[in-house]
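Descriptive analysis of the structure
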Number of protein chains: 2
Amino acid sequence: MIDFPYLNEICRKTDSRIVLLVVDGLGGLPHPQTGRSELETANIPNLDALASRSACGVTTPVATGITPGSGPGHLALFGYDPLKYVIGRGVLEAVGIGMDLGPDDIAIRCNFCTLDSDGVLTDRRAGRIPTSESAPLVEQLSNITVPGVEIMVQPVQDYRFVVVIRGDGLGGDVTDTDPQRTGFAPLDPAGRSDAAQRTAHKAARFIESARDILGSRDIANMILMRGFSRRPDWPAFGDAYSLNPGAVAAYPMYRGIASLLGMNVIPTGRDFDAELDTLSDHWDDHDFFFLHYKPADAAGEDGDFDAKVGTLEELDRRIPRLLDLGADVVAVAGDHSTPSTLAAHSWHPVPLMINSQSTNEGLGSPGFNERHCRSGYLGSLPATALPLLLMAHSGKLDKFGA
Amino acid sequence: MIDFPYLNEICRKTDSRIVLLVVDGLGGLPHPQTGRSELETANIPNLDALASRSACGVTTPVATGITPGSGPGHLALFGYDPLKYVIGRGVLEAVGIGMDLGPDDIAIRCNFCTLDSDGVLTDRRAGRIPTSESAPLVEQLSNITVPGVEIMVQPVQDYRFVVVIRGDGLGGDVTDTDPQRTGFAPLDPAGRSDAAQRTAHKAARFIESARDILGSRDIANMILMRGFSRRPDWPAFGDAYSLNPGAVAAYPMYRGIASLLGMNVIPTGRDFDAELDTLSDHWDDHDFFFLHYKPADAAGEDGDFDAKVGTLEELDRRIPRLLDLGADVVAVAGDHSTPSTLAAHSWHPVPLMINSQSTNEGLGSPGFNERHCRSGYLGSLPATALPLLLMAHSGKLDKFGA
């Protein structure tokens, strides 16, 4: 809990090392035919053996019944209450494609849309045009200049892209131009403060130029802007917990979130093997590592039960390599559940295990899955409780009060 | 929960009687060889039988992962959120040795330290000199007078002692003189308000005289002051819950905490048998008794697994005597865990059972230990929830709302 009072009084620097492995979309639901979840179906002897030597439980990322996005799911695991620490949508989109935001940059989530000849919205997503069609359009938009500010335009995927406005004295509190329904014209951006009004003015100039470039097209002849936001100015994770954290993640989104929390983002390769190489190479540089495993979530989102089982087995085969590094505390957690049966993120509590040789002897569960974790030693916890537990298990927390 | 809204509207005076037995450091962890905790190893037929007729659960004293000191651990059991109700370190130290603090007294946690000939700290604890060496020094310091205030000096243990300043218009918000590291001179006390500035001035006069007395010594030639504080002015436990509480505790620390919460502290002897005599003698005087059992914590802190098992068996033999008194509700709780394997207080949840003949029939657990309590009827609770549960089980709470 980043907002735990007295945190700086009780955190203690030690030589012990913590690895938090976040398995994206870890939790699942039983397969209708077998009654067993992805974790229960997978052959994961190494994770199961680790669970037998770990304190197990389940975490709730945001609140009961709430399905988190990647941002809130990860913030919670690092102790930031996702209801208090909210990342702007523009910033999250920019960070998700690896853009490096300065503290005063305004990031905007944009997409192509289609207007009729009266300027009225007929399709808010321009028929979800694929990247192959949108990329040349983004390329054209990236030539737009607006006096007094620097403009960066980057494609995301399909009909989506990001605009960043860099300049002095810009505020982020600007209204969306998306009216949220067809049959209306796009709205003008409006600032809710003087600084935001300056941003709105620059954005309006950009929109005008975009209309000039796109206006003659049949579809994707206009853009919508949403989620104007600035990089948040939050307490750094390392400062809050007196840690020196390093982040190892193959996907830009997770590197971006780590960077927003002030972690040192270590360059790595494109898959988990590369991540483990990076972890090993930088083992002496940090006392806390955030290690991210993406494939489980992707398979779950695809609704592919067997594929998700496969990603968990792939992960399991690499667990011995992770354990061989000799961390004092290894935790396996998830940012949210992504049950294959729902083919989407979900609100279901997420399995957790914390392995610590010194403090968890004899508290283990028979296996690493939803069922065993639910009845495990840690019971059901808010995800925001995790960092203090990791600190406690690694001997990095002093007693509170005499 | 002392801060539960409408508390005074729903509390009801009745003839029923509650005993809350606090077993200090009750919770433990499995022995590495046997996989069984102290409670699971101990032969405790009476506590186990009581569990079979009780609602069982586990309590978290402060927050997940937080290891509580004795102060926070007890405050929580009485419903005071230990993050909101914080006892000053000086007050806790004074209360711990049985000093009787007035509402305006300033208590200061002091210790001997060693300076070199340049006045620079070389040892913040004066080589941890034993009580036999420090007692005569404390005796000398107790002769110091400061104009306009009364000064009390009492030994604690080894290199530690307490100074209390009694006078009009003194504030407690004074900075420590301990610079927290060697190589620096002790700091001057400084007040953060006019009243605190008066205290700082008196403290500085005391320090000057102490330097005159000690200065020619090789070690323990100076003192450090920390934790300036005043007795807190909190709602009394009895007023909050409409109870008439009596405290029976052999150790000064726990009598002191009870006194800070406005309980009637009943004089008693030096061990649990004496406490039970006292309880019996005063049975008709109170409707709530806080009964404290210390030995389990001491054995746990010593890291002596077998000794802790022994203290639990000692306690168990006295349970029939406690039950014979005929309380309507008997609860057995702990202020925190003290696993022998860690030889220290810890953050692990603490077993709890609440016995009430009228309301708990058929809800029992097979035994009184961490494992059975974790899966018991009450599940996992914040410790601050305990008083309302005790009130409910004894028929002292009206319905909330119509």
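Above this note sits the structure.
Residues numbered from 1 in each chain as written. Chains lettered and ligands numbered in written order. Predicted model: local features only at pLDDT ≥ 70, side-chain atom pairs only at ≥ 80, totals over all residues. Heavy atoms only, no water.

What follows deals with the pattern of salt bridges. For the coordinates displayed, the defined rule picks out 32 salt bridges over all chains. With a closest N to O distance of 2.7 Å, Arg321 of chain A and Asp277 of chain A form a salt bridge. Here Asp277 of chain A lies in helix H10 (residues 272-281) and Arg321 of chain A lies in helix H12 (residues 305-324), a separation of 44 residues in the sequence. The partner of Asp173 of chain B in a salt bridge is Arg192 of chain B, and the shortest N-O contact between them spans 2.6 Å. Of this pair, Asp173 of chain B sits in the loop between strand S6 (160-166) and helix H7 (194-214) while Arg192 of chain B sits in the loop between S6 and H7, placing them 19 residues apart in sequence. Each of the salt bridges in this network shares a partner with another, and the network as a whole consists of Asp273, Glu314, Arg317 and Arg318 of chain A. (Salt bridge = Lys/Arg side-chain N within 4 Å of Asp/Glu carboxyl O. Helix = DSSP H or I, 4+ residues; strand = E, 2+ residues; numbered from the N terminus.)

All names here are of chain A. Read across the open sheet, the 8 strands follow the order S9-S8-S10-S1-S11-S12-S2-S13; overall the sheet is mixed. At either end of the open sheet lies a strand with only one pairing partner, and these are strand S9 (264-265) and strand S13 (379-382). In the sheet, strand S2 (residues 54-60) pairs with strand S12 (residues 350-356) via 6 bridges, with the strands oriented antiparallel. The partner of Ser54 across the bridge, within S12, is Asn355. Helix-sheet contacts for helix H4 (residues 70-77) involve strand S1 (18-23), strand S10 (288-293) and strand S11 (329-333), and the interaxial angle to S1 is about 155°. (Pairing = 2+ DSSP bridges. Contact = heavy atoms within 4.5 Å. Axes fitted to C-alpha atoms, helices over the stretch in contact; angles between N-to-C directions.)

Residue and element names in this part refer to chain A. Counting buried residues along H4, 7 of its 8 residues qualify, which places the element largely inside the surrounding structure. Every buried residue of H4 is accounted for by Ser70, Gly71, Gly73, His74, Leu75, Ala76 and Leu77. Of the surrounding elements, those touching the buried residues of H4 are S1, helix H5 (89-96), helix H9 (252-260), S10, S11 and helix H14 (386-393). The positive-phi residue at the C-terminal boundary of H4 is Gly79, with phi of around 90°. (Buried < 20%, exposed > 50% of the residue type's maximum accessible area, 1.4 Å probe, protein only.)

Quick look at the relation of the copies chain B and chain A now. By a simple turn and slide, chain B fits onto chain A: the slide is 0.1 Å along the axis, the RMSD is 0.2 Å, and the turn is 122°. The operation mapping one copy onto its partner corresponds to a three-fold rotation axis. In terms of C-alpha distance to the rotation axis, chain B has Ser375 of chain B as its closest residue, with the C-alpha 4.6 Å off the axis. (Least-squares fit on C-alpha atoms with pLDDT ≥ 70 in both.)

Its identity as a non-glycine residue notwithstanding, Arg128 of chain A has a phi of 45°, on the positive side. Here Arg128 of chain A shows up in the loop between strand S4 (121-123) and helix H6 (131-141).

In this section: the interface of chain B and chain A. Facing 26 residues of chain B, the contacting portion of chain A comprises 22 residues. Interface area for chain B against chain A, summed over the two sides, is near 2000 Å², with a carbon-plus-sulfur share of 69%. The largest per-residue losses of area from chain B upon contact with chain A belong to Thr64, Leu83 and Trp347 of chain B, which jointly make up 26% of the total buried on that side. At the junction of chain B and chain A, the tally comes to 0 salt bridges. Across the contact surface, chain B and chain A share 2 residue pairs in polar contact (both at pLDDT 80 or more). Mapped onto the side of chain B that touches chain A, the elements with two or more residues apiece are helix H4 (70-77), helix H5 (89-96) and helix H13 (370-374) of chain B. Looking at which element gives the most residues to the side of chain B that touches chain A, the answer is H4 of chain B, with 3 residues. Class assignment of the residues belonging to the side of chain B that touches chain A gives a composition of 15 nonpolar, 8 polar and 3 charged. (Buried area = accessible area lost by both parts, 1.4 Å probe. Polar contact = N/O pair within 3.5 Å; in protein donor to acceptor, adjacent residues only side chain to side chain. Nonpolar A, V, L, I, M, F, W, Y, C, P; charged D, E, K, R; others polar.)

Honestly, that's just the spatial picture; any functional story needs more than this.
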